[in-house]
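# Structural overview for review
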Amino acid sequence: MISHTHLQQTDPDVAALIAEEDERQRSGLELIPSENHTSPAVLEALATTFSDKYAEGYPGRRYYTGNIVADKLETLVQERAKKLFGVPYANVQPYSGSPANLAVYSALCEPHDPIMGLNLLDGGHLTHGWKFSMTSKFWTSHPYHLKTDGSFDFDEIRALANEHKPKLIWCGGTAVPRAIPFARFAEIAEEVGAYLVADISHIAGLIVGGQHESPAPYAHVITTTTHKTLRGPRGALIMVTEKGLAKNPELGSKIDKAIIPGLQGGPHLNTIAAIGVALHEAELPTFSDYAARIVQNAKTLADALLKRGFTLISGGTDNHLLLLDLTPTGIGRGKFFHLALERIGLYANMNTVPGDTSSPFYPSGLRIGTPAATTRGMGANEMEMIADWIARVAEHIKNEQLPSDKEQRTAAINKFAQTLAADPFYETLRKEVEDMCVKFLIPALAENNTQFA
Ligand code: DSN
């Protein structure tokens, strides 16, 4: 357990809020697929003197003095990333996924060049060209879609690519429950001469753990956040593959320049140190076992939900997440569902489903993931229990429908939130969830941590 002695003395208000958040996490369960719990070693690396140092530039080419150790650190972490993902180039400085993706645009495209990515409502990311993201203001976005069965519509992707001749095609997403067929994307990118960029933020840990194919033979560039299945601190990596360097030997230096001076200032060295720790942990044989258990848990949870009558986009999962399609009981019910689950200590998130006719603020799906539960050591029994709680909540809220009149929606949700507080049904389930969760420790909060020993 990481000590907060100084914090408690210096700032009891912030210390109290941290303790409150520790307790929220301990007594409930993070089922949001993009979240995880890091090891104590990762958290320790974050709270270090590297946090105090500026290091604009790259190893051997810094603007300020005093970076001899920073150079060693950044080089070490670059080498670990290259080895783990099987690539010849890695930039470890992006502050998070969105700046990493912006740097890729800036390195590969001119303003207003055509680009393609998975539509946000079908499970793409904001930065893959969503209409309200700056990426569709600075570049010209032609989004592609999933079919309603959750598979990629390669006929549409090929037709759009031939029509618009994109400079860059993104593959990867945030709510795609099936494997990403990188080779099919690569075929189309090659046909039209586009760069293929794989955003593997969600599945990076599954790739290094051998549970998902690597994009390295197919994509020119790979981006990933470091805090999802990879289980590191909040940060990101940009990597160039052998194939990318063969297409353009300047790609590495273009990306370096796009990060600094193009987009960012000084790198967060403490985060880079913590990324290094996470990459080291991901190299260990225990990580492959972890990745396998994430997928096994997701499949068990999917089966348990299907058995209880739920509909899943694509009928199941190949990875760490499931997407519940709530449309059979009415459109736009995702918000009711995630608020009711939050009330009992299960944190999943409302999400659009492919072809959703409702808005992202009142979507018709629920996204559920197993990375954090698996880190805590949960397995098949717990997946059954989670499915059972989700089913009991679904039955309890079955009459809640989103008003078709948009003006009435906020009032309906507020009224629902009040019933959540008062209804004893939820208190009973909350207690059951807590009783289960406290048996499965969060690594950084455990007194005696054996999992990362
Ligand atoms: N917010 C992330 C997710 O939940 O998938 C994407 O950036």
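These figures come from a predicted structure and were not determined experimentally.

### A word on the overall build of the chain
- Counting its secondary structure elements, the chain contains 18 helices and 14 strands.
- In summary, the chain has a C-alpha radius of gyration of 22 Å against a globular reference of 22 Å for 453 residues, a match within 12%.
- Projected onto its principal axes, the C-alpha positions of the chain cover 60 × 60 × 40 Å.
- When each of the 453 residues of the chain is scored for burial, the buried share is 56%.
- Pairs at least 24 apart in sequence give 73% of the contacts found in the chain among residues at least 6 apart.
- Accessible area for the chain stands at about 18900 Å²; split by element, carbon and sulfur atoms hold 55% of it.
- Computed over 41 positive and 51 negative side-chain charges, the separation of the two mean positions in the chain equals 2 Å.

### Some remarks on helix α17 (residues 409-422)
- Taking 1.5 Å of rise per residue, 14 residues should cover 20 Å, and α17 covers 20 Å from first to last C-alpha, within 8% of that figure.
- Here α17 has its buried residues at R409, I413, F416 and L420. Down the axis, α17 shows its buried residues gathered within 60° of arc, on one side only. Turned more than 90 degrees off the buried face of α17, the exposed positions are A411, K415, Q418, A421 and A422.

### Comments concerning the sheet that holds strand β4 (residues 89-91)
- The strand order β4-β10-β9-β8-β7-β5-β6 describes an open sheet built from seven strands, whose pairing is mixed. At either margin of the open sheet sits one strand with a lone partner, and together these are β4 and β6 (140-141).
- As paired strands, strand β5 (residues 114-116) and strand β7 (residues 168-171) are joined by two bridges and run parallel to one another. If you follow I115 over to β7, its bridge partner there is L168.

### Things to note about the environment of L339
- Positionally, L339 belongs in helix α14 (residues 334-343).
- Setting aside residues no more than four positions away along its own chain, L339 makes contact with I413, F416 and L420.

### Quick notes on unusual backbone geometry
- Along the chain, I260 connects to P261 via a cis peptide bond; the corresponding omega equals 15°.
- Inspection of the secondary structure assignment puts P261 in helix α11 (residues 251-263).
- Here H112, not a glycine, exhibits a phi torsion of approximately 70°, which is positive.
- Checked against the element boundaries, H112 lands in the loop between α5 (97-108) and β5.
- The phi dihedral of R231 falls on the positive side, at around 65°, and the residue is not glycine.
- In this structure, R231 sits in the loop between β9 (221-225) and β10 (236-240).
- In this structure R231 comes out as buried when scored by relative accessible area, which is 7%.

### Here's the deal with the packing of helix α4 (residues 68-85) against helix α12 (residues 269-283)
- Orientation of α4 relative to α12, taken along the N-to-C sense of each, is 35°, at an axis distance of 9 Å. The crossing of α4 and α12 is left-handed. Contacts from A70, L73, E74, V77, R80, A81, K83, L84 and F85 in α4 reach L269, I272, A273, I275, G276, V277, L279, H280, A282 and E283 in α12.
- For the contact of α4 with α12, the per-class residue count stands at 13 nonpolar, two polar and four charged.

### Describing the site of the ligand
- Around the ligand, the neighbouring residues are S34, H125, T174, H202 and R367.
- S34 places a side-chain nitrogen or oxygen 2.6 Å from an oxygen atom of the ligand.
- Compared with its free state, where it exposes 230 Å², the ligand has 64% of that area covered by protein.
- Each residue belonging to the shell around the ligand can be placed in one class, and the counts come to no nonpolar, four polar and one charged.

### Comments concerning the nonpolar core
- Core analysis: the biggest nonpolar cluster contains 59 residues, and F85, Y144, F152, I169, F185 and I200 have the highest contact counts within it.
- Among the elements that take part in this core, α12 stands out by supplying eight residues, more than any other.
- Residue contacts for F152: discarding those within four places in its chain leaves L118, Y144, H145, L146, K147, I157, V176, I180, P181 and F185.
- Grouped together as the second largest cluster of nonpolar side chains are 44 residues, L305, L312, L341 and A391 included.

About the cut-offs
- Residues numbered from 1 in each chain as written.
- Predicted model: local features only at pLDDT ≥ 70, side-chain atom pairs only at ≥ 80, totals over all residues.
- Heavy atoms only, no water.
- Helix = DSSP H or I, 4+ residues; strand = E, 2+ residues; numbered from the N terminus.
- Rg over C-alpha atoms; globule rule 2.2 N^0.38 Å.
- Buried < 20%, exposed > 50% of the residue type's maximum accessible area, 1.4 Å probe, protein only.
- Contact = heavy atoms within 4.5 Å.
- Areas by Shrake-Rupley, 256 points an atom, 1.4 Å probe, with all protein chains shown as cover.
- Lys, Arg positive; Asp, Glu negative; His and termini not counted.
- Charge placed at Lys NZ, Arg CZ, Asp CG, Glu CD.
- Expected span 1.5 Å × (residues − 1).
- Arc of directions from axis to C-beta.
- Pairing = 2+ DSSP bridges.
- Axes fitted to C-alpha atoms, helices over the stretch in contact; angles between N-to-C directions.
- Left-handed = near helix turned anticlockwise from the far one by under 90°.
- Nonpolar A, V, L, I, M, F, W, Y, C, P; charged D, E, K, R; others polar.
- Near = heavy atom within 4 Å.
- Polar contact = N/O pair within 3.5 Å; in protein donor to acceptor, adjacent residues only side chain to side chain.
- Core = buried A, V, L, I, M, F, W, Y, C linked by side-chain atoms within 4.5 Å.

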